[in-house]
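Listed here are the chains, written in short residue letters.
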Amino acid sequence: AEATEPTVHVDPEEEKIVEVLVLNERLANDRSGLTYVYPTEIYVQVKKKNEEAVTEEIERFKNELRADIAALWRTSEPHHLQEPRMESMTRRVETLLRERFDKKSGEGEGEPVVQKCVIVSGTGIRVNR
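Described in the following lines is the structure provided in the data block. The numbering scheme is per chain: residues are counted from 1 as the chain's sequence reads. Two thresholds apply to this predicted model, a pLDDT of at least 70 for residue-level local features and 80 or more for giving and counting side-chain atom pairs, whereas whole-chain, interface and lining totals are computed over all residues. Values shown for side chains rest on all heavy atoms present in the structure; no hydrogens or waters enter the calculation.

### Side note on the overall build of the chain
Secondary structure is summarised from DSSP: a helix means a run of H or I of at least four residues, a strand means a run of E of at least two, and numbering begins at the N terminus for each. When its secondary structure is counted, the chain shows three helices and four strands. Counting from the amino terminus, the chain carries its helices and strands in the arrangement β-β-α-α-α-β-β. Throughout this description, buried means an accessible area under 20% of the type-specific maximum (1.4 Å probe, protein chains only), exposed means over 50%, and partly exposed covers the range between. Split into buried and exposed, the 129 residues of the chain put 34% on the buried side. Computed with a 1.4 Å probe, the accessible areas rest on the Shrake-Rupley method; for each residue, only the protein chains presented here act as cover. Within the structure as shown, the chain displays about 8,500 Å² of accessible surface, and the carbon and sulfur contribution to it stands at 48%.

### Side note on the environment of E51
Structurally, E51 is set in helix α1 (residues 48-60). Taking the C-alpha atoms as reference points, E51 and V113, 62 residues apart in sequence, are found 9.2 Å from one another.

### Here we look at the pattern of salt bridges
Any Lys or Arg side-chain nitrogen located within 4 Å of an Asp or Glu carboxyl oxygen qualifies as a salt bridge. Tallied over the full model, the rule gives 14 salt bridges. With a closest N to O distance of 3.3 Å, E15 and K49 form a salt bridge. Highlighted residues: E15 in the segment before β1 (17-29) and K49 in helix α1, separated in sequence by 34 residues. Looking at E15, the relative accessible area reads 26%, which means it is partly exposed. As a salt-bridge pair, K48 and E51 come within 2.9 Å of each other at their nearest N and O atoms. Of this pair, K48 and E51 both sit in helix α1, three residues apart, roughly one helical turn.

### Observations concerning the packing of helix α2 (residues 62-74) against helix α3 (residues 87-101)
Interaxial angles span 0 to 180 degrees and are taken between N-to-C directions of axes, which are lines fitted to C-alpha atoms, for helices over the stretch in contact. Across the interface, α2 lies against α3 with an axial gap of 10 Å and an inter-helix angle of 150 degrees. Looking at the two axes, α2 sits roughly antiparallel to α3. Crossing handedness for the pair α2 and α3: right-handed. Residues E64, L65, D68, I69, L72 and W73 of α2 form the contact with α3, whose own contacting residues are M89, R92, V93, L96, L97 and R100. Residue classes in the contact of α2 with α3 are distributed as eight nonpolar, no polar and four charged. Every angle not falling under 35 degrees, over 145, or within 65 to 115 is termed oblique; those three ranges are roughly parallel, roughly antiparallel and roughly perpendicular. The sense of a crossing depends on the near helix, which, turned anticlockwise from the far helix by less than a right angle, makes the crossing left-handed and, turned clockwise, makes it right-handed. What makes two residues a contact is simply this: any of their non-hydrogen atoms within 4.5 Å. Under the scheme applied, nonpolar residues are Ala, Val, Leu, Ile, Met, Phe, Trp, Tyr, Cys and Pro; charged residues are Asp, Glu, Lys and Arg; polar residues are all the others, including Gly.

### Brief notes about unusual backbone geometry
The residue M86 is not glycine, and still its phi comes out positive at about 50 degrees. On the secondary structure map, M86 appears in the loop between α2 and α3. The exposure class of M86 is buried, given its relative accessible area of 5%.

### Quick look at α1
A helix is expected to span 1.5 Å for every residue after the first. Compared with an ideal rise of 1.5 Å per residue, which puts 13 residues at 18 Å, α1 spans 19 Å between its outermost C-alpha atoms and is within 8% of the ideal. For α1, the complete set of buried residues consists of N50, V54, E57 and I58.

### Concerning the nonpolar core
One broad trend across soluble globular proteins is that nonpolar side chains are buried collectively. To form a nonpolar core, buried Ala, Val, Leu, Ile, Met, Phe, Trp, Tyr and Cys residues must be joined to one another through side-chain atoms within 4.5 Å. Formed by 27 residues in total, the largest nonpolar core has its most connected members in V22, V93 and L97. Listing elements by their share of this core, those giving two or more residues are β1, β2 (35-47), α1, α2, α3 and β3 (114-121). Among residues more than four places away in sequence, those in contact with V93 are I42, I69, L72, C117 and I119.

### With respect to α3
The end-to-end C-alpha distance of α3 is 20 Å, a good match for the 21 Å that 15 residues give at a rise of 1.5 Å each. Considered for burial, the residues of α3 that qualify are S88, M89, T90, V93, E94, L96, L97, R100 and F101. On its buried face, α3 is in contact with β1, β2, α1, α2 and β3.

Structural data, given as structure tokens:
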């Protein structure tokens, strides 16, 4: 008798990457001494099999997530918000989202839930205060 490992059949549809909207807000930053508001959308890329759980978590804690992301944005250096691909902000927000979602994953033995974070942000609009 030979022992063989059980084969796990993975549904290719469940492994596809989908984007889930985390935040669609106008985020402010005043670190330069002037206040700028940035129209911003933040998405998280996850596998289809995790989409429902992530969407539910975002809906359940939307205000907490909004507060955490707004705090990151508000405390960022202005030059980080001017980067063409916003690499610094993307790393900071992705770390925040990984801390929230990846530890919740009971499946896949440590497989990360968050594949990638995507920030779509316009140029800051100066606000007179």
